[in-house]
Amino acid sequence: MKKLGNQDRKKTYIESVDNCLLWIENQMLSYNRGSVGVYERIRIDVNRRVCWTRPDCNSEVARVLAKRENADYKDVYVNIVDWLLSVQDNNPLSAWYGSFPFYLYNGEYSDLSGEARFQNDNGKVLIALLDMYEITADSRLKDAAVKLADYWLSIQRPEGYFFRYDKYITQGLYKGPCFVFWLAAGIAQCYGMTGEKKYLESAIKAFDYLLPLQLESGRFATTYEMLKHEDWRPPSSESSIALFCLARACRYIDDNRYKKAFLRVADYVLTLQAECGAIINSDADSLNASLQENPMICDLVYTEGFALMGFVEGYKVSGKDIFKDVAIKLGDFLVSIQCKGESPLWDGAWRGTFNTETMKWDGRANQNNNIDEGGMYSVYTGWCAATIMDGLLGVIEIM
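None of these values were measured; they are calculated from a predicted model. (Residues numbered from 1 in each chain as written. Predicted model: local features only at pLDDT ≥ 70, side-chain atom pairs only at ≥ 80, totals over all residues. Heavy atoms only, no water.)

A. Looking closely at the overall build of the protein chain. In terms of regular secondary structure, the protein chain is built from 14 helices and eight strands. The globule rule puts the C-alpha radius of gyration for 399 residues at 21 Å, and the 19 Å found for the protein chain is close to it. When its C-alpha atoms are laid out on the principal axes, the protein chain stretches across 55 × 50 × 40 Å. When burial is assessed residue by residue, the protein chain has 63% of its 399 residues classed as buried. Across the protein chain, contacts joining residues at least 24 apart in sequence account for 68% of those joining residues at least 6 apart. Approximately 15100 Å² of the protein chain is accessible, and the part contributed by carbon and sulfur atoms is 48%. Both charge centroids of the protein chain, one from 44 positive and one from 53 negative side chains, sit 2 Å from each other. (Helix = DSSP H or I, 4+ residues; strand = E, 2+ residues; numbered from the N terminus. Rg over C-alpha atoms; globule rule 2.2 N^0.38 Å. Buried < 20%, exposed > 50% of the residue type's maximum accessible area, 1.4 Å probe, protein only. Contact = heavy atoms within 4.5 Å. Areas by Shrake-Rupley, 256 points an atom, 1.4 Å probe, with all protein chains shown as cover. Lys, Arg positive; Asp, Glu negative; His and termini not counted. Charge placed at Lys NZ, Arg CZ, Asp CG, Glu CD.)

Spelled out as structure tokens, the structure:
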């Protein structure tokens with residue numbers, strides 16, 4: 001892998017982001033420049049573009065466009081944000097007022113599965129809305145974020161997690177760390193934006209639930225260990241999510257417990273960084289924490305982008321150079337494996353899993369997961385491409 005100086009690195013990272021945006025523009029936008037959002041992913045092995053338009057994927061892509069400030073995509077940003085705000089439940093009489101559905105087909109209609117309200121997806125949307133509001137001062141984004149946060153506050157349980165028995169709230173997953181962390185961080189950010197104590201109280205309640213899930217090694221227990229769900233998500237994922245979410249919460253809540261938990265999980269994630277810069281799936285002690293059993297695989301859908309964003313966020317809140325250094329090492333790795341010359345259908349993007357031993361695309365996410373949500377044959381807009389782009393832009397900012 002070529003060693004880069006900072007000026008060359010900035011140029012390389014910008015080129016990487018722009019190549020990925022070009023892929024989204026050419027292959028993944030819905031009709032008329034994203035009038036109903038960007039599509040979820042390409043499934044290489046079954047020769048299919050999945051035409052779900054997901055609020056979480058779209059919010060992540062829109063945030064990248066807001067940060068990149070490329071005039072060529074101004075209309076795409078406007079279209080995505082307009083669509084995103086239109087699919088929020090905006091009926092004050094609805095039991096789900098303020099929340100976002102899982103997906104819509106071609107941005108327009110859904111089935112019962114698509115109407116599911118996933119805690120992690122909605123938490124990611126909440127953070128993205130608030131981030132975009134800070135960049136653009138568009139009051140619609142703030143209003144949408146407050147409605148979204150208030151919905152989840154309304155169903156938060158005394159234990160700290162977010163759940164209600166109804167036909168749309170996902171069953172069986174709500175106690176998993178990644179289903180609490182995103183909302184906890186987003187609600188903490190909502191407190192920072194509004195100063196309203198109800199958000200502070202909610203975030204504290206959520207983190208009081210989460211912190212005991214941190215193990216002696218510093219990593220967080222996985223949803224698979226706790227609930228035998230998310231079988232395909234590697235142990236690295238929920239700890240990388242915790243890395244970002246704890247660092248983000250530390251911006252707004254001055255609590256030494258959060259700082260300590262952040263530093264402990266950061267130490268754990270650092271032990272997973274391979275020589276090439278990737279964050280591998282697991283260490284010897286966490287091999288049984290999911291059904292992803294090859295520790296040489298790194299997961300670009302569930303780990304790498306979140307870890308990169310987490311290291312950037314960690315540097316911003318701590319000022320510790322170690323986080324900048326490891327973010328650069330990870331960023332250099334990610335731009336080095338970006339798809340180029342494979343196919344015009346996904347060149348500029350990243351596939352879902354990579355083998356750090358053979359240095360080739362490898363691995364599946366089909367462990368009790370028949371739609372293979374990740375792995376070497378999935379090429380995602382949100383989750384993977386958008387979080388990597390966001391992380392690369394973040395590294396440029398802290399260099």
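Read on, since the account is not over.
B. Up close: helix α7 (residues 178-194). Between its first and last C-alpha, α7 extends 25 Å over 17 residues, near the 24 Å set by a 1.5 Å rise per residue. Counted residue by residue, α7 has 14 buried out of 17 residues, so it is predominantly covered. Directly after α7, the chain includes Gly-195, whose backbone phi takes a positive value near 75 degrees. (Expected span 1.5 Å × (residues − 1).)

C. Representation of the sheet that holds strand β2 (residues 48-50). Across the sheet, three strands lie side by side as β2-β1-β8; this open sheet has antiparallel pairing. The open sheet terminates on both sides in strands that have one partner only, identified here as β2 and β8 (378-380). In this sheet, adjacent strand axes meet at a mean angle of 20 degrees when their direction is disregarded. In this structure, strand β1 (residues 41-43) lies alongside β8, joined through three bridges in antiparallel fashion. Residue pairing for β8: Arg-41 is matched across the bridge by Tyr-380. Each of β1, β2 and β8 touches helix α1 (residues 6-28); the most contacted strand, β1, lies at about 70 degrees to it. (Pairing = 2+ DSSP bridges. Axes fitted to C-alpha atoms, helices over the stretch in contact; angles between N-to-C directions.)

D. Quick peek at helix α10 (residues 235-252). For α10, with 18 residues, the first-to-last C-alpha span of 27 Å sits near the 26 Å given by 1.5 Å per residue. Counting buried positions over the 18 residues of α10 gives 17, a clear majority of the element.

E. View of the packing of aromatic side chains. This structure, assessed with the given rule, holds 23 aromatic pairs. Here the aromatic rings of Trp-52 and Phe-102 are separated by 5.4 Å at their centres, their planes lie at 70 degrees, and the arrangement is edge-to-face. A residue pair is termed long-range when its members are at least 10 positions apart, and Trp-52 in strand β3 (residues 52-53) and Phe-102 in the loop between α4 (74-87) and β4 (104-105) qualify at 50 residues. A residue is classified by how much of its surface remains accessible, and Trp-52, at 15% relative accessible area, is buried. Judged by relative accessible area, Phe-102 falls into the buried class, the value being 11%. For the ring pair Tyr-302 and Trp-383, a centre distance of 5.6 Å and an interplane angle of 70 degrees mean the geometry is edge-to-face. With a gap of 81 residues between them, Tyr-302 in helix α12 (residues 300-318) and Trp-383 in helix α14 (residues 381-398) connect regions that are remote in the sequence. The exposure classification of Tyr-302 matches that of Trp-383, with both residues buried. Feature note: the residues Trp-52, Phe-102, Tyr-103, Tyr-105, Tyr-109 and Phe-118 constitute an aromatic cluster, connected by ring pairs. Cation over ring: Lys-124 sits above Trp-383, and NZ or CZ is 3.3 Å from the ring centre. (Phe/Tyr/Trp six-rings, centres within 6.5 Å; stacked < 30°, edge-to-face > 60°. Lys NZ or Arg CZ within 6 Å of the ring centre and 35° of its normal.)

F. Up close: the pattern of salt bridges. With the rule as written, the count across this model stands at 31 salt bridges. The partner of Lys-67 in a salt bridge is Asp-390, and the shortest N-O contact between them spans 2.9 Å. Of this pair, Lys-67 sits in helix α3 (residues 55-68) while Asp-390 sits in helix α14, and the two are 323 residues apart along the sequence. The exposure class assigned to Lys-67 is partly exposed, which follows from its relative accessible area of 35%. The class of Asp-390 is buried, set by a relative accessible area of 6%. A cluster of three or more residues bridged by salt bridges with shared partners is formed by Arg-63, Lys-67, Asp-131, Arg-248, Arg-251, Glu-313 and Asp-390. (Salt bridge = Lys/Arg side-chain N within 4 Å of Asp/Glu carboxyl O.)

G. A look at the side chain of Ser-202. Here Ser-202 lies in helix α8 (residues 197-210). In this structure, Ser-202 is in contact with Leu-153, Gln-156, Phe-162 and Ile-187, ignoring residues within four places of it in sequence.

H. Quick look at the nonpolar core. In this structure, Trp-23, Leu-129, Leu-246, Leu-300, Phe-311 and Trp-350 are the most contacted members of the largest nonpolar core, which totals 147 residues. Per-element accounting of this core gives the leading share, twelve residues, to α7. Setting aside its immediate chain neighbours within four residues, Phe-311 contacts Leu-243, Val-269, Leu-270, Ile-279, Phe-323, Val-326, Ala-327 and Leu-330. (Core = buried A, V, L, I, M, F, W, Y, C linked by side-chain atoms within 4.5 Å.)

These results come straight from atomic positions and should not be treated as a statement about function.
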